[in-house]
Amino acid sequence: EKSSSDFDAVLNSVPKNLFIFGEDPIGDATTHKAFIETYIAKVEFKVVQDFYMTPTALMADLVMPSTYLFESGGTYTNTQKIIQQVGQQLPSSIEMSGFEQFAAIAKRLGLSEMKRPIEAMFESIAMFPDGCTQKRPRFVYTKHDDYFHF
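Per chain, residues are indexed from 1 in the order of the written sequence. Given that this is a predicted model, residues contribute local features only at a pLDDT of at least 70 and side-chain atom pairs are listed and counted only at 80 or more, while totals for whole chains, interfaces and linings are drawn from all residues. Only hydrogens and water are removed before side-chain values are computed, so all heavy atoms of the structure are retained for them.

Turning to the nonpolar core, a few remarks are in order. To form a nonpolar core, buried Ala, Val, Leu, Ile, Met, Phe, Trp, Tyr and Cys residues must be joined to one another through side-chain atoms within 4.5 Å. Buried means the residue's accessible area, taken with a 1.4 Å probe over protein chains only, is under 20% of the maximum for its type, while exposed means over 50%, and partly exposed covers the values in between. Core analysis: the biggest nonpolar cluster contains ten residues, these being Leu18, Ile20, Ile26, Ala29, Ile36, Ile40, Val43, Val48, Ala57 and Ala60. Those elements giving two or more residues to this core turn out to be strand E1 (17-21) and helix H2 (33-42). Whether two residues are in contact is decided by their heavy atoms, any of which lying within 4.5 Å being enough. Among residues more than four places away in sequence, those in contact with Ala57 are Val48, Tyr52 and Val63. Numbering of helices and strands runs from the N terminus; a helix is a DSSP stretch of H or I covering at least four residues, while a strand is a stretch of E covering at least two.

Where strand E4 (residues 74-77) meets strand E5 (residues 83-86), four bridges bridge the pair, whose relative direction is antiparallel. Residue pairing in the sheet places Tyr76 in a bridge with Gln84 of E5. Pairing between two strands requires that DSSP report at least two bridges joining them. Counted between consecutive antiparallel strands, the loop separating E4 from E5 contains five residues, among which Lys81 sits at a positive phi close to 65°.

The next thing to look at is a nonpolar patch on the surface. Together, Phe51, Tyr52, Tyr68, Phe70 and Leu90 line one region of the surface with nonpolar side chains, adding up to about 510 Å² of accessible area. In this structure, Phe51 sits in the loop between strand E2 (45-50) and helix H3 (55-58). Patch members must show over 30% relative accessible area and no salt bridge, and they are joined within 9 Å when carrying like charges or within 5 Å when they are nonpolar side chains of Val, Leu, Ile, Met, Phe, Trp or Tyr. Only the protein chains shown count as covering a residue, and every accessible area follows the Shrake-Rupley method with a 1.4 Å probe. Just to be clear on terms, a salt bridge is a Lys or Arg side-chain nitrogen sitting within 4 Å of an Asp or Glu carboxyl oxygen.

Turning to the environment of Phe51, a few remarks are in order. By relative accessible area, which is 37% here, Phe51 ends up partly exposed. As for Phe51 and Gly98, which are separated by 47 residues in sequence, their C-alpha atoms are 9.8 Å apart. In contact with Phe51, not counting residues within four places along its chain, are Ser66, Thr67 and Tyr68.

What follows is about the packing of aromatic side chains. When the centres of two rings from Phe, Tyr and Trp lie within 6.5 Å, Trp using its six-membered ring, the rings pair. Their planes under 30 degrees apart give stacked, over 60 give edge-to-face, and anything left gives tilted. Under the definition given, this model contains four aromatic pairs. The interplanar angle of 85° and the centroid separation of 5.6 Å between the aromatic rings of Phe21 and Phe102 together place this pair among those described as edge-to-face. Pair noted here: Phe21 is in strand E1 and Phe102 is in helix H5 (residues 98-108), with a separation of 81 residues, a long-range link. Chaining the aromatic ring pairs together yields one cluster made of Phe19, Phe21 and Phe102.

This is the structure in structure tokens:
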């Protein structure tokens, strides 16, 4: 179970490496933007994978190109916090899809090898609490998820 002390420990740490895939925490921040920017700036090596140069990507030491979901297939969590799976619709002009890049990095780091995006989804579902009994896993926002409410 998450606790505020766990999140505080992360916020007070300075990770050596940071991988941000398909997100723009600086550009999307509605509150605490300066705090997020300062936290990311402290990291020694930052990798961002995105479709275009976002404010977060501009801070990265390495920016990797990303494929759109319809080019590679995969999963996403919609605004209702339901995990959705999408099949590939069109080929990509990028040599490796976002998932293939992620899987290659995971393998180099000694993590389990994943050949398809669904395997990454199942690996993340395996980390859900034992009490999760829903057939369609959903992320439910609780007061414990409001980490930036100071």
